[in-house]
Structures are given as C-alpha cells and as structure tokens.
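Here are the chains, one letter per residue:
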Amino acid sequence: KPLFFRSDEIVFKTDIVLSIIKNHLNKTEHRIYARKCQLAEISFNEAKQFFNKNHLMSFGQGKTYGLIYDNKVVSAMQIKHLGNSNYEISRFCNLINTNVIGGFSRILNLIENKIPLKSLTTFIDCRYGFGDYLKDFGFNFIRSGLSFKWTNSKITLHRMSYPGNSGYENGYAKIWDCGQSKFVKNY
C-alpha cells in the first residue's frame, strides 16, 4: 500500500512522516497496550500541544479524550459536535513512534458510553490511511472523494481556506491528492 506525503510535510513535519512510515512497516519503536493506560478527557491546551506535535494535520476541533501512560498522553481522539447528537472524529493519533495497541477501541468505547450518539462520522486521508479497521467497529464506508490543498509555492492551506475556486483569485493553485474516504457509524 503506497504512502504519499507533500514536500512541506516532509520538510516541516519529518518526525510525524517517519512515524507514519514506521507504523505501516510494523517498525514502531514503542508498543503500549491500551488496557495499561488511564482514560481521561484531555484539556484544550494539552490536546492542542499533543496534536500539533503528533498529527500531520495538527490540532482540530472538539473535545479530546485520550489514554495516559506514565503521566503523558500516548493516544488521543478529538470529536466535534455536528448538532442533533451527530458527531465527527476530527483527529485521532498516537504519540509519534508509538503503537498503542487497542487505543482507538478503548477511546471509542469511552466516548460511546459518555455521549449519547446518533451518528459518528470520520474521514480517512487516503494518502496514508485506508480505514479498513473501521468496519470492525461498526463503521460503514460511505464514499471516497477528491481532495486538495491550496498553495502559492511557499505555504499550503486547507481547501476550505478558499471555498470553491476562490483561491485562484488570491494567487493560489490547487495541489490534488489521493482523496478522502468517509465512514459513518449509526447508533
């Protein structure tokens, strides 16, 4: 399964890129079992710091729940309320160079027991993720779609920074990628 990274990610987020590659090759430096971790809601500041250091897309939106091992966050999931008991997983990752076995499952279970959910949606970036494991947790594949970022050759911006084609008017070009896959779990 190929992995794709943009040059800005390789240059500015090298540690995260290398960690993703190692994880796909089963050569992660640290293995921790989720059952040996404590579950906790993570504060805004701690979540922001964790995702900025460990997630390729940095900090997202919503409340963060995670696993604590030796007094540090080793796995975290951020969920955003969409309204009407519908939520979205906006971020999930482990500490770089760390494989938290059962981490996704344990945090998901906490969220399902803590929050009355009607649906839970998540998107997988097809450049480096596949989402195969989500079916084991009751998620259904909905669709795959095209995805892009805006760039002016110096900086890269999220596609929603300039909705539609308005980025062109501001001197940006689109960088197309492998797209995203949408998965939904209904309760």
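The structure displayed is predicted, hence computed values, not measured ones.

**Q** So what's going on with the pairing of strand β6 (residues 98-101)? Residues and values would help.
**A** The side chains of a regular strand alternate between the sheet's two faces. Here β6 shows a buried face lined by Thr 98 and Val 100 and an unburied face lined by Asn 99 and Ile 101. Direction of pairing for strand β1 (residues 30-33) relative to β6: parallel, over a ladder of four bridges. Looking at the pairing, Ile 32 lines up with Val 100 of β6.

**Q** Describe the pattern of salt bridges, listing the residues and the values that go with them.
**A** Pairs may arise between side chains of opposite charge once their charged atoms sit close together. Under the defined criterion, the tally for this structure stands at seven salt bridges. Between Arg 6 and Asp 8 there is a salt bridge whose closest N-O contact spans 3.1 Å. Judged by relative accessible area, which is 15%, Arg 6 ranks as buried. The shortest N-O distance in the salt bridge between Arg 127 and Asp 125 comes to 3.3 Å.

**Q** Please provide a residue-by-residue account of helix α2 (residues 14-24), values included.
**A** Structural remark: α-helix, 3.6 residues per turn; residues separated by three or four positions point the same way. Among all positions of α2, only Ile 16, Val 17, Ser 19 and Ile 20 are buried. Projected onto a plane normal to the axis of α2, the buried residues spread over an arc of 160 degrees and lie on a single side. As for α2, its buried residues are in contact with α1 (7-12) and α3 (44-54). One or two positions beyond α2, positive phi appears at Asn 26, with a value near 55 degrees.

What counts and how
- Residues numbered from 1 in each chain as written.
- Predicted model: local features only at pLDDT ≥ 70, side-chain atom pairs only at ≥ 80, totals over all residues.
- Heavy atoms only, no water.
- Buried < 20%, exposed > 50% of the residue type's maximum accessible area, 1.4 Å probe, protein only.
- Helix = DSSP H or I, 4+ residues; strand = E, 2+ residues; numbered from the N terminus.
- Pairing = 2+ DSSP bridges.
- Salt bridge = Lys/Arg side-chain N within 4 Å of Asp/Glu carboxyl O.
- Arc of directions from axis to C-beta.
- Contact = heavy atoms within 4.5 Å.

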